[in-house]
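Structural description and commentary
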Number of protein chains: 2
Amino acid sequence: MSTILRKHIERITPLTDSEFDYVLAHFSPRSFKKQQYLIQEGELVQNDFFVLSGLVKSYYTNADGKEHLMQFGMEDWWITDYQAYFNQQHAQLNIDCIENTQVLCLSLHNREKLCAELHKMEHFFRKKSNAGYVALQRRILSLLNNNAQERYESLLKLYPELFQRVPKTLIASYLGVSRETLSRFSSKADLK
Amino acid sequence: MSTILRKHIERITPLTDSEFDYVLAHFSPRSFKKQQYLIQEGELVQNDFFVLSGLVKSYYTNADGKEHLMQFGMEDWWITDYQAYFNQQHAQLNIDCIENTQVLCLSLHNREKLCAELHKMEHFFRKKSNAGYVALQRRILSLLNNNAQERYESLLKLYPELFQRVPKTLIASYLGVSRETLSRFSSKADLK
DNA sequence: ACTTTTTTGTGATGTAAATCACAGGTAAGC
DNA sequence: GCTTACCTGTGATTTACATCACAAAAAAGT
């Protein structure tokens, strides 16, 4: 199972067996059931989560109780409330499971320890962060530049499997569209 | 002038004099006039720019010729087309000067060299990237969760000086609102 | 198998904000 | 100082999308 992590890291930087063992020792595995919270608003955020299997979502709940999806987290993805995690503050986001999920938890302390001790790992995390930054820029541009239907279509193209795996309400919430409007897009597309 | 860079780095990690001199040697200073491009859509992105003085903007121009602001870059900020820079691709964004601007240019090659040679610098860039990621997440949440007026008001609160320094059209374009709608918000606020 | 809950589609209506249009104001160029 | 270009405010109209309301379909729980 942890070979997923090793492959993931080695896409950026190769590790010796003993290096990887050392790295892995800084993670702790956990399992969560569907619906269970990984992080709940208000609590101190201890961990970043590397998803081994399953599917989770991070989202913000506003004053009116409306949810806005920040991120999905599936196999091979990292997820947490990064603002709270990096600054060791209380969570503004919730993260819970759409499916039963297995993760590897990495505390901020262990992350910083690994980065300090192994230059390779600092390199790895810098590269991941850079890639994440670019991905968020793309999402912002898409929010600024594309209308709801265009955003729907690019997401459908990029992650078609997501549309099978999660209720449309969540996809709507990720795209910043109402459930009903999203539904009308998919009916329209069916005509083709 | 380069003390701005030193202070900027040392907010994250201290450097000896000789370390800083070594780092600085990997940057090259350049000056740009108002209106001048730092990066133009389509060209290969060679550099990340650290702004010493002045003000620039990065933006996407869509098929209809409409501009959407990705970022402002003022003193002490980094700016480039990161997608293109990190992957050594052609720019999708334009970057040009709102005011006469002085920058320090860092090529990807020199950035990676510094990161490989000086663990401290890899640490610095990781931290910067993390902070940038969190900032973009906040912007996405604001786009998903807040209406145009709320976005206007939080930006005004966060960067009041920006409203003196740049035309409202640009602020509208950053917020994803039309110039006219933004103008109506500011008239309303005057009544108080 | 039956009940309950969740998910989805679709019509009717309302609204925030875009777009169009024009005028006064301010700054820049010569 | 005059001219040209850019910037801002404000009304009238349009539009994309939200919200409300309901029903059918699918999934989950017992």
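Described in the following lines is the structure provided in the data block.

What counts, and where the lines are drawn
Residues numbered from 1 in each chain as written. Chains lettered and ligands numbered in written order. Predicted model: local features only at pLDDT ≥ 70, side-chain atom pairs only at ≥ 80, totals over all residues. Heavy atoms only, no water. Contact = heavy atoms within 4.5 Å. Buried area = accessible area lost by both parts, 1.4 Å probe. Salt bridge = Lys/Arg side-chain N within 4 Å of Asp/Glu carboxyl O. Polar contact = N/O pair within 3.5 Å; in protein donor to acceptor, adjacent residues only side chain to side chain. Helix = DSSP H or I, 4+ residues; strand = E, 2+ residues; numbered from the N terminus. Pairing = 2+ DSSP bridges. Axes fitted to C-alpha atoms, helices over the stretch in contact; angles between N-to-C directions. Near = heavy atom within 4 Å. Parallel < 35°, antiparallel > 145°, perpendicular 65-115°, else oblique. Left-handed = near helix turned anticlockwise from the far one by under 90°. Nonpolar A, V, L, I, M, F, W, Y, C, P; charged D, E, K, R; others polar. Least-squares fit on C-alpha atoms with pLDDT ≥ 70 in both.

**Digging into the interface of chain A and chain B**
The partner chain B presents 39 residues to the 39 residues of chain A that form the contact. Summed over both partners, the interface of chain A with chain B comes to about 3,700 Å²; 63% of that surface belongs to carbon and sulfur atoms. Ranking the residues of chain A by area buried against chain B places R126, Y133 and L144 of chain A at the top, with a combined share of 19%. Here chain A and chain B share six salt bridges between them. Of the charged contacts, one joins E112 of chain B and R126 of chain A as a salt bridge, the two residues approaching to 2.7 Å between their closest N and O atoms. Counting across the interface, chain A meets chain B through 22 residue pairs in polar contact (both at pLDDT 80 or more). The dominant element in the side of chain A that touches chain B, judged by the number of residues it contributes, is helix α5 (residues 119-145) of chain A, at 20 residues.

**Section: the sheet that holds strand β2 (residues 37-39) of chain A**
Pairing in this open sheet of four strands is antiparallel, and the strands run β2-β7-β4-β5 (chain A) from one edge to the other. Of all the strands in the sheet, the pair left with one neighbour each is β2 and β5 (67-74) of chain A. Each neighbouring strand pair of the sheet contributes to a mean axis angle of 30°, computed without reference to strand direction. The pairing of strand β4 (residues 55-61) of chain A with β5 of chain A spans seven bridges and is classified as antiparallel. Bridge pairing links K57 of chain A to F72 of chain A in β5 of chain A. Of the strands in this sheet, β4 and β5 of chain A touch helix α5 (residues 119-145) of chain B, which is tilted by about 135° from β5 of chain A.

**Description of the protein's contact with DNA strand D**
The environment of DNA strand D is made up of 19 residues, and the closest members are A148 and T181 of chain A together with K168, R179 and S187 of chain B. Backbone atoms, meaning sugar and phosphate, form 44% of the atoms of DNA strand D found within 4 Å of the protein. Between DNA strand D and A148 of chain A, the relevant distance is 2.8 Å, taken from a phosphate oxygen to a main-chain nitrogen or oxygen of the residue. Take K168 of chain B: an N or O atom from its main chain is 2.7 Å from a phosphate oxygen of DNA strand D. Elements with a contribution of two residues or more to the surface near DNA strand D: α9 (179-190) of chain A together with α8 (168-175) and α9 (179-190) of chain B. Ranked by residues supplied to the surface near DNA strand D, first place goes to α9 of chain B with six residues.

**Observations regarding the packing of helix α1 (residues 3-10) of chain B against helix α2 (residues 17-24) of chain B**
Residue and element names in this part refer to chain B. Contact pair α1 / α2: the axes reach a minimum separation of 11 Å and the direction vectors enclose 115°. As summarised for this structure, α1 and α2 are arranged roughly perpendicular, according to the angle between their axes. Along this stretch, α1 crosses α2, giving a crossing that reads as right-handed. Across from L5, R6 and I9 in α1, the residues of α2 making contact are D17, F20, V23 and L24. The class makeup of the residues in the contact of α1 with α2 is five nonpolar, no polar and two charged.

**Details of the relation of the copies chain A and chain B**
Overlay of chain A on chain B (RMSD 0.0 Å): rotation 180°, translation along the axis 0.0 Å. Each copy turns onto its partner about a two-fold axis. Ranked by how close their C-alpha atoms come to the rotation axis, the residues of chain A are headed by R126 of chain A, at 2.2 Å. Of the interface residues in chain A, 100% have counterparts in chain B that sit at the interface too, so the contact is made through matching surfaces.

**Here's the deal with the environment of H123 of chain B**
Position of H123 of chain B relative to the elements: it lies in helix α5. On a C-alpha basis, the gap between H123 of chain B and L108 of chain B in space is 16 Å, while along the polypeptide they are 15 residues apart.

**A look at the sheet that holds strand β8 (residues 101-107) of chain B**
Residue and element names in this part refer to chain B. Strand order across the open sheet formed by four strands is β1-β8-β3-β6, with antiparallel pairing between neighbours. Two strands bound the open sheet, and with one partner strand each, they are β1 (28-32) and β6 (78-79). As paired elements, strand β3 (residues 47-53) and β8 share six bridges and run antiparallel to each other. For F50, the partnering residue across the bridge sits in β8 and is L104. Of the strands in this sheet, β3, β6 and β8 are in contact with α1, which crosses β3 at around 110°.

No statement about biological role is implied by the geometric values presented.
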